[in-house]
Amino acid sequence: MTAPPPADALVGAVEAGGTKFRCALVRDAGDVLAECRIPTTEPQATLGRVVEFFAEAQRRFGAARAFGIGTFGPADLDPRSPGYGRLLMTPKPGWAGVDVRKPLIERFGRPVALDTDVNVAALAEAERGAGRGFRSLAYVTVGTGIGGGVIFDGRMRYGAMHPEMGHIVVRRDPRDRDFTGVCPFHGDCLEGLASGPAIRARWGRPLDALDDHGEALDIIGGYLAQLVVALARLTACERIVIGGGVMTGGALLPRVRAAASRLVNGYWPVARGDATLMEYLVPPALGERSGITGAALLAQRMR
Ligand code: ZN
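Residues numbered from 1 in each chain as written. Predicted model: local features only at pLDDT ≥ 70, side-chain atom pairs only at ≥ 80, totals over all residues. Heavy atoms only, no water.

Undergrad: Please give an account of the packing of aromatic side chains that cites residues and values.
TA: Taken as a whole and assessed by the stated rule, the structure comprises five aromatic pairs. Aromatic pair Phe 21 and Trp 95: ring centres 5.7 Å apart, planes at 35 degrees, arrangement tilted. Taken together, the positions of Phe 21 in strand β2 (residues 20–27) and Trp 95 in the loop between β4 (64–71) and α2 (102–108) put the pair 74 residues apart, joining distant regions of the chain. Since its relative accessible area comes to 1%, Phe 21 is described here as buried. Classification of Trp 95 as buried rests on a relative accessible area of 0%. Centroid distance Phe 54 to Phe 67: 5.1 Å. Interplanar angle 80 degrees. Geometry classified as edge-to-face. You can see Phe 54 sitting in helix α1 (residues 43–61) and its partner Phe 67 sitting in strand β4, a full 13 residues away along the chain. The pair Phe 54 / Phe 67 is uniform in exposure class, with both members buried. Ring pairs connect the aromatic residues Phe 53, Phe 54, Phe 67 and Phe 108, which therefore count as one cluster. (Phe/Tyr/Trp six-rings, centres within 6.5 Å; stacked < 30°, edge-to-face > 60°. Helix = DSSP H or I, 4+ residues; strand = E, 2+ residues; numbered from the N terminus. Buried < 20%, exposed > 50% of the residue type's maximum accessible area, 1.4 Å probe, protein only.)

Undergrad: Could you give me a rundown of the nonpolar core, with the residues and numbers involved?
TA: Grouped together as the largest cluster of nonpolar side chains are 42 residues, with contacts concentrated most on Val 140, Leu 207, Leu 224, Ile 240 and Leu 252. When contributions to this core are tallied by element, the ones reaching two or more residues are β6 (136–142), β7 (146–152), α4 (190–194), α5 (196–203), α6 (214–235), β9 (240–243), α7 (252–264) and α8 (277–280). For this core, the element with the highest residue contribution is α6, accounting for 12 residues. Filtering out sequence-adjacent residues up to four positions away, Leu 207 remains in contact with Ile 199, His 213, Ala 216, Leu 217, Ile 220, Val 246 and Leu 252. Grouped together as the second largest cluster of nonpolar side chains are 31 residues, Leu 10, Cys 23, Ala 57 and Phe 67 included. (Core = buried A, V, L, I, M, F, W, Y, C linked by side-chain atoms within 4.5 Å. Contact = heavy atoms within 4.5 Å.)

Undergrad: Let's hear about the coordination of the zinc ion: which residues, and what values?
TA: Coordination angles at a metal have ideal targets, namely 109.5 degrees for four tetrahedral donors and 90 or 180 degrees for six octahedral donors. Taken together, His 167 (ND1), Cys 183 (SG), His 186 (ND1) and Cys 189 (SG) make up the full set of protein donors to the zinc ion, lying 2.0 to 2.4 Å away. Residue His 167 is classed as partly exposed on the basis of its relative accessible area, which comes to 23%. For Cys 183, a relative accessible area of 7% gives the class buried. (Donors = N, O, S within 2.8 Å, 3.2 Å for Na, K, Ca; no water.)

Undergrad: Run through the pairing of β9, naming residues and quoting values.
TA: Taking every second residue as pointing to the same face, both faces of β9 are buried, with Ile 240 and Ile 242 on one and Val 241 and Gly 243 on the other. Where β9 and strand β10 (residues 281–282) come together, two bridges link them in parallel fashion. Each residue of the ladder has a partner; that of Ile 240, found in β10, is Leu 281. (Pairing = 2+ DSSP bridges.)

Spelled out as structure tokens, the structure:
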């Protein structure tokens, strides 16, 4: 057993998103010393700016002992794989095949842990947010894409890949028959029907900017509820956290709960005690800091 690092040891955290990268230099105890946001452009320029940020921040505050990255995906997360650290067939132009760990390893020579953006957000919510006091939690984000992670006893769940729950097949709303969906791989999978781009493709603007958005909220809420109920049924997790840009504003969550309640139809054996859907399906307690907090937690786990 190696001794735990001192509480004033530093770690670097990166939330690598499809539209922006967020970076932070953090004490192991949790306080943020320096932070920045970098727009996601082409890979070399974006990762170059990440390295520059950490070089400058470490000059001011000291060296990070490890880094944690929560990345958009899909990504190869298997340390035994020759492609470990590389992004897979992402539709984001130029990013497929990019090794997101390499620039930090080459420049700073410290260990770099990698997971998906949603898995690290799930970790943060499980340890510091809405999942505290529970053994298990699922985290779903609804934004440019739809993704999610599942945590049991502090561990992310994997098999051949990280979960890709945004691409499940859902039952069509009868009011939404004519829309073909926007997923480049499947058309009308959940992401193709209920992500931010799917909402814009149908109605020309985000949900909260629609004049009469009641029906749109119902349709999107109905699709997301199908994932919520499937997650509860498949994993029996004790909490589901749902966040992301499409959920902001708060009008959609009650529709998701209402639709999930209709789907459940009284058969709800997974919830602990008398937990209702109000308590079971909740927004992220850490708000938009779930991702960067989880990336820091991932780095802190490196020994
Ligand atoms: Zn799809």
